[in-house]
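Here is what each chain is made of, one letter per residue.
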Amino acid sequence: MATLRLSTPLRAYVDGKAELTLDGETVADTMQSLTEQYPTLRAHLFNAQGELRPFVHLFINNEDIRHLQGLDTPVQPEDRLMLVPSIAGG
Amino acid sequence: MPSSTLEIPPHTLEQIHTHGETTYPEEGAGFLLGTGEDPRRVAAILPLTNTREEVARRRRYLISPEDTLFAEMEADRRGLLVVGVFHSHPDHPEIPSEYDREWALPWFSYLITSVQDGRAVASRAWRLSDDRSGFEEELIV
């Protein structure tokens, strides 16, 4: 079970928790586990095509998964994931 | 009537206006640090660098995930939370754009300041609806 730390605006969707432990062998699995437990979070993390929204950044042990294997990046039980948004507008 | 309230001390709102005037004609942005809900109170601001490429900074702002993480750690150090984002609309009204909606995060308060000809003229606050279809205005007090 890997640990996921959530950014402040997303905590309202997980009963106010800052960290969760999640099952999964890949980042995609852990996100599936997260959104199954907290379905209202899904629309804020993924677009209609099931892709991560561009402002959603996932780090595994401080490295952005976009620089690894994306959602296919393997997850070990001792890994620490962070879900941190970039902020944009105009 | 707005369904939620955002409390901002006058001197903090003044800081936000000054920041928008300083960054004009580019967009300025930063985080709102504060406490609580109903009402949500802003205790401090954390202005940040607009990391959009130079040609886009008049119409867009971007705060990196690293800066978001820094803001959360700084808020934690002060016993506060990151409760929202402020940004300026140079020569445009203080109303969220479609681009604002596409990129908006839930729960955050979005404070937008209209800066006309280099002078901050008005600010309004908004929250994304849960279905992401639009913003609901917050009452600034």
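Since the model is a prediction, treat every value here as computed from it, not as a measurement. (Residues numbered from 1 in each chain as written. Chains lettered and ligands numbered in written order. Predicted model: local features only at pLDDT ≥ 70, side-chain atom pairs only at ≥ 80, totals over all residues.)

With that settled, the discussion passes to the overall build of chain B. Counting its secondary structure elements, chain B contains 3 helices and 8 strands. What you see for chain B is a C-alpha radius of gyration of 14 Å, in line with the 14 Å of a compact globule of 141 residues. Taking the principal axes of its C-alpha atoms as reference, chain B extends roughly 35 × 35 × 30 Å. Long-range pairs, those at least 24 residues apart, make up 60% of the contacts in chain B with a sequence separation of at least 6. (Helix = DSSP H or I, 4+ residues; strand = E, 2+ residues; numbered from the N terminus. Rg over C-alpha atoms; globule rule 2.2 N^0.38 Å. Contact = placed C-beta atoms within 7 Å.)

Another point: the confidence of the model for chain B. Low pLDDT marks stretches whose predicted atomic positions should not be read closely. Averaged over every residue, the pLDDT of chain B is 92; the share at 70 or more is 97%. Across the interfaces of the predicted complex, the ipTM metric reaches 0.83, alongside a pTM of 0.90. (pLDDT = per-residue confidence, 0-100.)

Looking now at the environment of tyrosine 24 of chain B. All names here are of chain B. Relative to the helices and strands, tyrosine 24 is located in the loop between helix H1 (10–23) and strand E2 (29–35). Classification of tyrosine 24 as partly exposed rests on a count of 19 C-beta atoms within 10 Å. C-alpha separation for the pair tyrosine 24 and proline 90, spaced 66 residues apart in sequence, amounts to 6.4 Å. Setting aside residues no more than four positions away along its own chain, tyrosine 24 makes contact with Pro90, Val115 and Gly118. (Buried ≥ 20, exposed ≤ 12 C-beta atoms within 10 Å, placed from the backbone.)

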